[in-house]
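So the chains spell out like this:
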Amino acid sequence: MTREPALLDRPRSAAPPPLDWLTLGDAFEAACLLRCTPSPTAARPNAALPAHLPGVEFNREDAAQRMRQLLARLDIPVTHEVAVGGLRRRYELHRLWVPQEQRGTYARMLDAGWWQGRRELLGGPLPGASPARRRLVTRLAAAAWRSALLAAGRHVRRHILGVRLGDRELAAVLIRGAAVLDVPARLSAGTGCFLVSVADGPDRTRILSNAKLEPARPAC
């Protein structure tokens, strides 16, 4: 039986060609959004690991709309379904599904976006890097935080702004991203999750300012 492409698995020996920097920003942000979420509840139990699934589920409409916007820029169509649940407290789940014929492209694009973006962010910018590369790294840092604030579990207290994540590598990316944005961040391990937080005040304001939702890059 043919195995579906594994989203965000570690790269194989044959690395994909690098993405151009504009495409990389969108692909990396979409990959971060995916890493913030659990597998869709409509998926069959034990059918596949979350990273192998052809869909993603959000409990916030703005996160789903952002993912749709990014995938549209990457020429990947999706179907958007909305499910309503709850009794006394109603809630919505927004599910995005990639058509069968586009799943290979979806997997390769998000895989390449994650690993190339992660490498750029964790490894640089090196001394002497060009202004363009420094802007790229700043953009990737902002994209990671924007994704987490949209799709991860927010942990807001009077003295901190934090996000809960189940993904250790994304937590490391957020710590590095905060440093790129000149903000110290703290990583705490909880039961089954990681909490990345920044202090209230100027640090919180700087993160929110850089991670504010902006349109995906315009059409050419």
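Everything here concerns the structure above.
Residues numbered from 1 in each chain as written. Predicted model: local features only at pLDDT ≥ 70, side-chain atom pairs only at ≥ 80, totals over all residues. Heavy atoms only, no water.

Thoughts on the sheet that holds strand β2 (residues 79-85)
In space, the three strands of this open sheet follow the order β1-β3-β2, with antiparallel pairing throughout. Looking at which strands have only one partner, the edges of the open sheet turn out to be β1 (55-58) and β2. Mean inter-strand twist for the sheet, computed between neighbouring axes without regard to direction, equals 20 degrees. Across four bridges, the pairing between β1 and strand β3 (residues 91-97) is antiparallel. Counted as the bridge partner of Glu-57 is Arg-95 from β3. Where helix α2 (residues 61-73) meets the sheet, it contacts β1, β2 and β3, and its direction lies at approximately 15 degrees from that of β3. (Pairing = 2+ DSSP bridges. Helix = DSSP H or I, 4+ residues; strand = E, 2+ residues; numbered from the N terminus. Axes fitted to C-alpha atoms, helices over the stretch in contact; angles between N-to-C directions. Contact = heavy atoms within 4.5 Å.)

Details of the pairing of strand β6 (residues 186-189)
In this sheet, strand β7 (residues 194-199) lies alongside β6 in antiparallel orientation, the contact comprising four bridges. Bridging from a neighbouring strand, Leu-187 pairs with Val-196 of β7. What sits between β6 and β7 in their antiparallel hairpin is a turn of four residues, with Gly-192 showing a positive phi close to 75 degrees.

Details of the nonpolar core
Among the nonpolar cores identified, the biggest contains 56 residues, and Phe-28, Met-67 and Trp-145 are the most heavily contacted of them. Among the elements of the structure, α1 (21-35), β1, α2, α3 (103-123), α4 (131-151), β5 (160-165), α5 (168-180) and β7 are those that each provide at least two residues to this core. For this core, the leading source of residues is α4, giving eleven residues. When residues no more than four places from it in sequence are discounted, the contact partners of Met-67 are Ala-30, Leu-33, Leu-34, Val-56, Phe-58, Leu-96, Tyr-106 and Leu-110. (Core = buried A, V, L, I, M, F, W, Y, C linked by side-chain atoms within 4.5 Å. Buried < 20%, exposed > 50% of the residue type's maximum accessible area, 1.4 Å probe, protein only.)

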